[in-house]
Amino acid sequence: MGEFTVHRVRFFHYMPSGICAMAFNRRTERLAVARTDGSVELYSRTDHFFQEKVVPGRQQRSIQALCWVGKRLFGAGLSGEIAEFDLDNLRLKFSQDAYGGPIWSIVCNPQGTHLAAGCEDGTVKLFEILEDQIRFERNMGGQKGRIISLAWHSSGTKIAAGMIDMIKVFDLDSGNAVQRLLVERGSRMQQSQECVVWSVLFLSDIIVSGDSAGKVKMWDVNTGTLIKNHQVTEWDVLTLSVSQDETSLFAGTSEGTVVQFQLLDVVLGQEEKEWVRTRTFKNHTHDVIALAEADTVIISGGMDTQLVVRPLLDKLDFKSRDSSLLKILFPQRSLVSCAKKAGLLLFQYPTHLELWRLGDTEGHGPPGCILPVSRNPEKLLHLKIKGEDHVCCSAVAPCGEWIAYSTTSGIRLYRLQRDNKNVSITKVPKLPKVLRHAHQLCFSPDSSHLYGTTSSAVHVVALTSAGCKFEHSLKPKSGSTHPVRLLAVSSDGKFLASANSNSEIHIYNMHKLKAHCTVPVYRSGVSAMGIHPETNNLVIVHADHQIFEFSIEQMQYTDWSRRVQKEGLHHVWLERDTPVINVTFNPQNPNHVILHDSYMFCIIDQSLPLPDRKSQFHNQLTLKSLPEAERLKHSHAFKECKLYQPLLCVDMLENQSLVVVERPLLDITTNLPAPVRQKKFAT
Amino acid sequence: MKRDGGASHDSSDDDGAPDEVTFEDSKATALRSAREAAQAAKREKERFKEWRRKRQQFFLEQKKKRLLPEDVLEEIGDFPVQKLEVSEGGDEQAVGVKAKPSAGVKRAKVRRLQANCSVMRAKDQDEAASRQQAAVDFIQARLYGPGSRRMTNNQLLSIKSKRAVHKGAAVQFMNKSKGAELRAKAEKCNKRWIHKKKLI
């Protein structure tokens, strides 16, 4: 496997933000997740919940509700604006003030022609959805009391609005409230506190409400009477979700539980049916704020920042990768960039960047021992972002002299000068106008060029000590508009590979500034790629953990790649649930490819045989116990290391040392908001 | 009774001889004061008129001063002669012509404003921000406010570690960086207990 000096970095204080809204699009099978920092993430259900796109957040933008209308995504929040997200350019398309104060909820009608927004001033505002805007149509209601939740009946003629202490049903033809359902307050202690209807659902014949008294209530639509009352928790029921066929219902609570209700026969074989509480899932430690139901799985998210995908085993017929619980806590993109020559790390936070110089050691020791540090790691720079937009990408040049970052409103390039003790930074003026904002940034290995991408095009900017100069724009021949997700440069600077969110990979020749070739499209998204420094082979890892090696010079897959496809990868490898984030190479041993995901890093030795289906995958301990002579016979290409967890970055420096950036889970948990009080016996 | 008495007393005062003199006097003083007031008002009005006239004159002079001398205007170009004639007629037109030489400066100002700024009323902005803050406070109060029965994350982690398969202590004792004051409190409590039991 090889021996490395490892820099174990724990000073990247990455803090994910809580999930506050979710929406699942059944037609495109995409899940949109909004976080408290205002960012929106898109996951693909067909691709094992691979994070395809991220729309960066903004200060003061808080999203309370998300809503899919066809392929368009709308969001609204407490700033009082309804916004549409541009999923090609990963930014806001437009935002329109609803003039009703903070918006608590938006829903679209089943026909997809209108949006309804529930506002702070007690009105339900109807908007007509037009080609590239929304137009205000009319107001409904207008009494005091905020409208917290909304639900549209499948016929499109009625809207239920959850308010404080009551639910109102509005008729769309007349625009008046036709029913007023009073929700009782909690018992004893909470009697003085008003009851907030956090969530409401409008099924074909019943209205379901979840409130702050911890109850899930079912009301008759025609008479407005309470049919059934389930006390689910002592705290709040914050969210509800229903399956498409209206036979099962989920409620998310402050306790972190997700409770399932099902419509079951009262007596077996008879017509009469009743909603029965069936299962309780507890996968969260904090409040569950958002729920989404996607046929065979229930997806929940909340203040503990993780997205939990829970399979509903009664709807699955056989065991597969889909039938296991999936927790997504860490971002599926790299937030750390590493200057390999200078030994610098650039950490990307939403509102600032940090540049650190790695420590140094002069000691030597046996494998596994901790070496004494002769020079401590040092924070060189804390760069605050100007403006309200959050950073969407950042990069540091390999020589450590340039730093670039981009927000949705602008891109900035800085030149860094380091003396022995002083660090000075100067902003490079007059960046080319075509590069207004970038989805991905990277520097060429000799730090002479900056590559930035806007939607699908790659722009090349030459860097000199005098400033910067725009050189060329490279556009894919296919004319696709999907945003670029990954960039990889070969170490000789000749080739640049760009992978977009539609898993198309384009390779450009940077010496001729021309398109070189494209890689055949695979069905799963590209989660990581890297170009080998010696052979110029492109190693591509997809979200379903398939590995391909493509020879750029010969424009075809390599023999090793063909062998992998022929023999197939080991099932233990294919069943891993977190996608690979980064691909690097060992400069001393050209056969070594280093991959990492959030929980392990793995070295693939291309000279060794691949593990066959029946052999043991994690065989390192077994190999240790064998005598030297037999080891080679039993060893296979994959060597995993789980010593460092959870990982945000693994990279190889030029001086043959490995950098691992860890983020202990404990540090994240202690910074979360307060959980509900539990009393456990004997604690 | 009292009021009746008062009324009779007043009437007796009116009937008295010295009252007539006082009435004359008072009449004279009232007339004088009224006259004085009218004069004062008139003076005030005139003063205001004068001030307005002066101001008008000042403006006119200022306008004239700002205008370039006519020969200079004529020298600038032959074509604006027509416009100049019009400009002499009305004051507003004069302003228009006067703006012409400095048009470059004005346009630059506008451009700077429209580059990346948008105009909005500061009042609305404040109101929206305060309403947003009120909404955020509402959520905060409902979920984390008084009576919400919450505990700290350290307590949650402590429960977990105490009930795990390999039982451990509370977080503040496991992780030295957390819960310093809790640890100090526990130490103090220990000391007190030892003292109470007279163990030392």
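To be clear, the structure that these remarks concern was listed above.
Residues numbered from 1 in each chain as written. Chains lettered and ligands numbered in written order. Predicted model: local features only at pLDDT ≥ 70, side-chain atom pairs only at ≥ 80, totals over all residues. Heavy atoms only, no water.

Can you break down the overall build of chain B residue by residue, with the values?
Within chain B one finds 10 helices and zero strands. Across chain B, helices and strands are ordered from the amino to the carboxyl terminus as α-α-α-α-α-α-α-α-α-α. Considering only residue pairs separated by 6 or more positions, chain B has 10% of its internal contacts joining residues 24 or more positions apart. When the accessible surface of chain B is totalled, it reaches about 17,500 Å², and 56% of it is carbon and sulfur. (Helix = DSSP H or I, 4+ residues; strand = E, 2+ residues; numbered from the N terminus. Contact = heavy atoms within 4.5 Å. Areas by Shrake-Rupley, 256 points an atom, 1.4 Å probe, with all protein chains shown as cover.)

Give a detailed account of the overall build of chain A, specifying residues and quantitative values.
A tally of regular secondary structure across chain A gives five helices and 57 strands. At 27 Å, chain A has a C-alpha radius of gyration in line with the 26 Å of a compact globule built from 683 residues. The buried share among the 683 residues of chain A stands at 60%. Here the analysis covers contacts within chain A between residues at least 6 apart in sequence; of these, 49% occur between residues at least 24 apart. (Rg over C-alpha atoms; globule rule 2.2 N^0.38 Å. Buried < 20%, exposed > 50% of the residue type's maximum accessible area, 1.4 Å probe, protein only.)

Lay out the interface of chain A and chain B in plain terms, naming residues and giving numbers.
Contact with chain A, which involves 43 residues of that partner, is made by 25 residues of chain B. A buried area of about 3,000 Å², summed over both sides, lies between chain A and chain B, and 57% of it is on carbon and sulfur atoms. Looking at the side of chain A facing chain B, the largest losses of area belong to P675(A), R677(A) and T683(A), adding up to 16% of the total buried there. Where chain A touches chain B, the interface holds two salt bridges. Between D287(A) and R150(B) there is a salt bridge, and its shortest N-O distance comes to 2.9 Å. Joining chain A to chain B, the criterion identifies 14 residue pairs in polar contact (both at pLDDT 80 or more). Top contributing element to the side of chain A that touches chain B by residue count: helix 5 (residues 665-670) of chain A, with four residues. By residue class, the composition of the side of chain A that touches chain B is 17 nonpolar, 16 polar and 10 charged. (Buried area = accessible area lost by both parts, 1.4 Å probe. Salt bridge = Lys/Arg side-chain N within 4 Å of Asp/Glu carboxyl O. Polar contact = N/O pair within 3.5 Å; in protein donor to acceptor, adjacent residues only side chain to side chain. Nonpolar A, V, L, I, M, F, W, Y, C, P; charged D, E, K, R; others polar.)

A description of the packing of aromatic side chains should follow, citing residues and the corresponding values.
Under the counting rule described, the total for this entry stands at 18 aromatic pairs over all chains. Judged by centre distance (6.4 Å) and plane angle (70 degrees), the ring pair of F330(A) and Y599(A) falls under edge-to-face. A residue pair is termed long-range when its members are at least 10 positions apart, and F330(A) in the loop between strand 29 (326-328) and strand 30 (336-339) and Y599(A) in the loop between strand 53 (592-596) and strand 54 (601-605) qualify at 269 residues. On the basis of relative accessibility, which here comes to 6%, the residue F330(A) falls in the buried class. Centre to centre, the rings of F58(B) and F59(B) are 6.0 Å apart; their planes meet at 45 degrees, and the pair counts as tilted. Using a relative accessible area of 38% as the deciding quantity, one classes F59(B) as partly exposed. The ring of F138(B) carries the charged tip of R146(A) above its face, separated from the ring centre by 4.0 Å. (Phe/Tyr/Trp six-rings, centres within 6.5 Å; stacked < 30°, edge-to-face > 60°. Lys NZ or Arg CZ within 6 Å of the ring centre and 35° of its normal.)

Tell me about the pattern of salt bridges, and please be specific about residues and values.
All names here are of chain A. Summed over all chains, the structure comprises 32 salt bridges over all chains. In this structure, E52 engages R30 in a salt bridge whose closest nitrogen and oxygen atoms are separated by 2.7 Å. Placement of E52 in strand 5 (residues 50-55) and of R30 in strand 3 (residues 30-35) is noted, with a sequence separation of 22 residues between them. For R30, a relative accessible area of 24% corresponds to the partly exposed category. A salt bridge links E401 to R415, with the shortest nitrogen-to-oxygen separation between them at 3.6 Å. On the criterion of sequence distance, the pair formed by E401 in the loop between strand 36 (393-396) and strand 37 (402-406) and R415 in strand 38 (residues 411-418) is long-range, its members being 14 residues apart. The class for E401 is partly exposed, based on a relative accessible area of 34%. Given a relative accessible area of 16%, R415 falls into the buried group. Each of R8, R10 and E662 takes part in salt bridges that share partners, so that together they form one network.

If you had to explain the sheet that holds strand 10 (residues 103-108) of chain A to someone new, which residues and values would you point to?
Residues and elements named next belong to chain A. Taken in spatial order, the four strands make up an open sheet running 10-11-12-13, and their pairing is antiparallel. Two strands lie at the open edges of the sheet, namely strand 10 and strand 13 (134-141), each paired on one side alone. In this sheet, adjacent strand axes meet at a mean angle of 25 degrees when their direction is disregarded. (Pairing = 2+ DSSP bridges. Axes fitted to C-alpha atoms, helices over the stretch in contact; angles between N-to-C directions.)

Any chance you could break down the side chain of S503(A) for me, citing the residues and the numbers?
Residues and elements named next belong to chain A. Its location among the elements puts S503 in the loop between strand 45 (495-500) and strand 46 (505-509). Within the structure, the side chain of S503 is placed 3.1 Å from the backbone oxygen of Y522, a separation counted as a polar contact. Ignoring sequence-local partners within four residues, the contact set of S503 consists of V521, Y522, S524, G525 and V526.

Kindly report on the sheet that holds strand 7 (residues 72-77) of chain A, identifying the contributing residues and their values.
Residues and elements named next belong to chain A. The sheet built from four strands is open, its strands ordered 6-7-8-9 with antiparallel pairing. Strand pairing shows two members of the sheet lacking a second neighbour, strand 6 (63-69) and strand 9 (91-97), which therefore form its edges. Across the sheet, the mean angle separating the axes of adjacent strands is 25 degrees when strand polarity is ignored. By the bridge criterion, four bridges tie strand 7 to strand 8 (residues 81-86) in an arrangement that is antiparallel. Bridge pairing in strand 8 places A76 opposite I82.

Could you give an account of a positive patch on the surface, with specific residues and numbers?
Residues and elements named next belong to chain B. Together, K188, R192, K196 and K197 make up a positively charged patch on the protein surface. Residue placement: K196 occurs in helix 10 (residues 180-197). For K196, a relative accessible area of 67% puts it in the exposed group. (Patch = residues over 30% accessible without salt bridge, like charges linked within 9 Å, V, L, I, M, F, W, Y side chains within 5 Å. Lys, Arg positive; Asp, Glu negative; His and termini not counted. Charge placed at Lys NZ, Arg CZ, Asp CG, Glu CD.)

Explain helix 1 (residues 559-567) of chain A residue by residue, including any values.
All names here are of chain A. Looking at helix 1, one finds that the buried residues are W560, S561 and V564. Summarising the axial view, the buried residues of helix 1 lie within an arc of 100 degrees, below the 170-degree limit, and thus occupy one face. Exposed side chains of helix 1 directed beyond 90 degrees from the buried face belong to D559 and K566. Each element contacted by the buried residues of helix 1 is listed here: strand 50 (547-551), strand 51 (556-557) and strand 54. Within two residues after helix 1, G568 carries a phi angle of roughly 80 degrees, on the positive side. (Arc of directions from axis to C-beta.)

Could you give an account of the environment of H596(A), naming the residues involved and the relevant values?
Residues and elements named next belong to chain A. By secondary structure assignment, the location of H596 is in strand 53. In the structure, H596 is positioned 51 residues away from L647 in sequence and 8.0 Å away in space, judged by C-alpha atoms. Sequence-distant contacts of H596, that is, excluding residues within four places in its chain, are made with V580, I581, N582, F601, L647, L648, C649 and V650. Of the polar contacts made by the side chain of H596, one reaches the backbone nitrogen of V650; its length is 3.4 Å.

Help me get a handle on the pairing of strand 48 (residues 526-531) of chain A, residues and values and all.
Consecutive residues of a regular strand have side chains that alternate between opposite faces of the sheet. Residues and elements named next belong to chain A. Within strand 48, six of the six residues are buried, leaving the element largely enclosed by the surrounding structure. Sheet topology places strand 48 next to strand 49 (residues 537-542); five bridges connect them, and they run antiparallel. Across the sheet, residue I531 finds its bridge partner in strand 49, namely L538. In this structure, the hairpin formed by strand 48 and strand 49 is closed by a connection of five residues, where N536 is found at a positive phi of approximately 55 degrees.

From the geometry alone we can't say anything about function, so treat these as descriptive.
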